[in-house]
Every structure is written in structure tokens, then in C-alpha cells.
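Report on the structure
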Amino acid sequence: MRWYELLDEKLRDYLPDLPVSAEEPLSKYTSFRIGGPARRMAFPRNAEQLVLLMSFAGECGARPFVLGNGTNLLFPDEGIDRLVVNTRDMADIRLLDGGRVRAEAGASLARVANYACGQGLAGLEFAHGIPGSVGGGVCMNAGAYGGELAQVIEGVNVLFPDEGVRTVPCGDMAFGYRHSLLMEHHDAVVLSAVFALHPDDSAAIRGRMDELMARRKASQPLEYPSAGSTFKRPEGHFAGRLIEEAGCKGLTMGGAQVSEKHAGFVINVGGAACADVLALMAEVQRRVKENSGVTLEPEVRIVK
């Protein structure tokens with residue numbers, strides 16, 4: 001039997017209430033609006049369902065891929081022969097004592113920032129405009145405008161398939177620029193995170209959030225589908241500036257284009273295929289290397 005037939009049987013027997021879709025178009029779940037079908041896509045509603053699902057996936061050889069808001073991903077047009085675990089329904093946010101907020105992996109960072117603001121808790125203003133989820137944000141230590149999650153995370157509840165569920169304190173997460181311990185443990189899954197914040201006036205917090213959002217809208221091509229910043233910031237440089245200096249602003253391949261508003265973004269101007277984006281990224285890397293000697297490293301995660 002194929003892996004997905006084995007998995008279907010397991011889920012019918014042990015998780016009959018778990019929503020599962022076959023051949024689900026990934027383009028519906030990514031900010032790039034690119035990607036063919038996932039062989040199976042499951043939508044766990046809580047950590048218990050997710051832990052069981054991952055166990056069954058391992059037994060069946062499903063090669064699970066955990067998907068949050070899909071804002072930093074590029075999937076192939078032919079789709080993937082994998083189980084995609086969509087955490088969208090694991091989005092609970094709640095207040096703990098001592099100015100702490102606990103959020104499940106599928107909660108968007110924007111919602112968590114808004115919730116904290118409503119509670120008069122500051123520290124997450126920078127995350128208000130980040131389109132990703134808590135799970136993905138923790139994995140890559142998402143940040144913007146001088147802030148990053150490492151500054152406010154107290155601990156992360158993580159499923160390690162070989163060890164079980166454990167809480168990893170911030171100091172053990174090996175946070176760095178767009179990096180965490182979990183990037184070396186690709187089978188690990190974020191279940192939730194606790195943010196340690198500090199009291200402030202809600203109106204003042206909202207003012208700072210609005211200011212950062214206005215800056216984002218003024219400088220980024222939010223009107224087009226994209227996966228956010230396409231390349232990581234090279235040490236001592238800004239990727240967008242290097243790309244513009246290499247003459248790549250507005251460069252187009254198929255339906256993919258280097259944004260004319262912000263050269264650090266590759267956007268989908270209409271009907272872009274995965275191959276268009278990859279070819280454009282490769283050409284940008286080539287030109288930047290030739291012009292400045294700097295090698296750009298993708299920030300967008302390319303899934304196979």
C-alpha cells in the first residue's frame with residue numbers, strides 16, 4: 001500500500017474527527033499563491049491531535065511538512081507527495097500571569113500582537129505587520145524594524161518525534177538572525193510559545209504598531225502576492241540595495257518580478273509559476289555576485 005493509503009486507514013481508526021483533504025492545492029495556502037497539490041493535507045485542532053498525527057505519519061512514511069500561514073514558502077507547481085500538516089486551527093491565544101501571553105503555533109503574529117496590545121502589554125509591536133504564524137516565526141526567529149521574537153520569547157513547547165514534547169527555554173533555542181535550534185531539527189514541530197511582555201498604555205502601543213504598519217505599507221509591495229523578503233540580509237549590506245544596484249529592479253521572468261517598489265521582494269504579478277520565481281532568483285543572485293561580489297542567500301524556503 002502507498003503511504004497515504006496506510007495513513008488514511010490509521011486516521012479513520014484513531015482520529016476520525018480530524019479533517020483531511022486529498023490533493024489539496026497548496027496555492028490556496030501560501031502568500032505567493034503558487035504550488036500544486038499536496039497528496040494529503042490535515043488540519044489538527046489541538047496539540048493532542050497533532051502529536052498523534054505526526055506519530056502515524058512516521059509509521060506510514062508520510063514525510064510530514066508543517067504549514068502555518070505559508071508566508072515564507074515556495075512550493076513546486078507539480079505539488080508534493082507528502083502529508084502537509086496545516087496548523088491554522090491551532091490558534092488559541094491566552095493571557096498568563098506576570099505579563100505573559102501563550103499562543104498556539106497556528107496563531108498569526110499579527111493577532112498575537114493585537115491581543116497583547118488589548119491587554120496593555122508591550123514588546124510585540126514589531127510583529128504586528130509580520131504575516132507569518134507563531135510556529136513559523138519561532139523557527140526562523142522572525143523580526144522587523146529592529147525587533148525579533150528572540151527578544152520576547154520565554155519558552156517554546158516543541159514536539160521532538162524521538163523525544164516527545166518538551167519546553168525549550170529561550171536561552172536554549174540558539175536564536176540568531178533568521179535562525180533557531182529548530183532549523184537543525186527539521187522533524188521538530190512548534191506547538192506553542194510563551195511571550196514575556198511588559199505593561200504599557202494600550203493607546204501608546206497601538207500608536208507604535210500603526211506607525212510601523214504605515215512604514216511597511218509605504219515601502220513594501222503588499223498589494224501583490226509574495227513570500228516577503230526573498231533573500232536574507234548579507235552581513236554589512238542590505239539585500240534590496242544590492243539588487244537595485246545590480247540593475248535588477250523590475251526584472252521579470254514569466255509572472256514573477258523583482259518589485260519596482262522594493263527590490264528585496266520577488267512578487268507574483270500574475271500567473272507566476274514556481275519555475276519563474278526560481279529562475280528569477282537565480283538571475284538576481286548571479287547579477288548581484290557579479291556586481292558586488294556578495295552571494296545572496298534565499299530567505300524564502302523552497303519546499304520539495
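To keep things clear, this report deals only with the structure shown in the data block. In this text the structure is predicted, and so the values were computed from the model without any measurement.

Before going further, it helps to spend a moment on the environment of Ala227. With respect to the helices, strands and loops of the structure, Ala227 is situated in strand S15 (residues 226-229). By relative accessible area, Ala227 is classed as buried at 3%. For Ala227 and Asp276, which are 49 residues apart along the polypeptide, the C-alpha to C-alpha distance reads 14 Å. With near-sequence residues (within four places) excluded, Ala227 lies in contact with Ser31, Phe32, Thr71, Asn72, Leu73, Val266 and Val300.

Tallied over the entire structure, the rule returns 21 salt bridges. Between Asp92 and Arg94 there is a salt bridge, with the nearest N and O atoms lying 2.7 Å from each other. What makes Arg94 partly exposed here is its relative accessible area of 44%. Put simply, Glu290 and Arg286 hold a salt bridge, and the shortest N to O gap is 3.5 Å. Residue Glu290 and its partner Arg286 are located together in helix H7 (residues 274-292), separated by four residues, close to a single helical turn. A relative accessible area of 63% means that Glu290 is categorised as exposed. Judged by its relative accessible area of 42%, Arg286 is partly exposed. One continuous salt-bridge network, built from bridges that share partners, spans Glu283, Arg286, Arg287 and Glu290.

Parameters at a glance
- Within each chain, residues carry numbers counting from 1 in the order of the written sequence.
- The predicted nature of this model means local features are confined to residues of pLDDT at least 70 and side-chain atom pairs, given and counted, to a pLDDT of 80 or more, with totals for whole chains, interfaces and linings taken over all residues.
- Values shown for side chains rest on all heavy atoms present in the structure; no hydrogens or waters enter the calculation.
- Numbered from the N terminus, helices here are DSSP runs of H or I no shorter than four residues, and strands are runs of E no shorter than two.
- Only protein chains enter the accessibility calculation, which uses a 1.4 Å probe; a residue whose area is less than 20% of its type maximum is buried, one above 50% is exposed, and one in between is partly exposed.
- Note on contacts: a residue pair qualifies if any of its non-hydrogen atoms lie within 4.5 Å across the two residues.
- Should a side-chain nitrogen of Lys or Arg be within 4 Å of a carboxyl oxygen of Asp or Glu, the pair is scored as a salt bridge.

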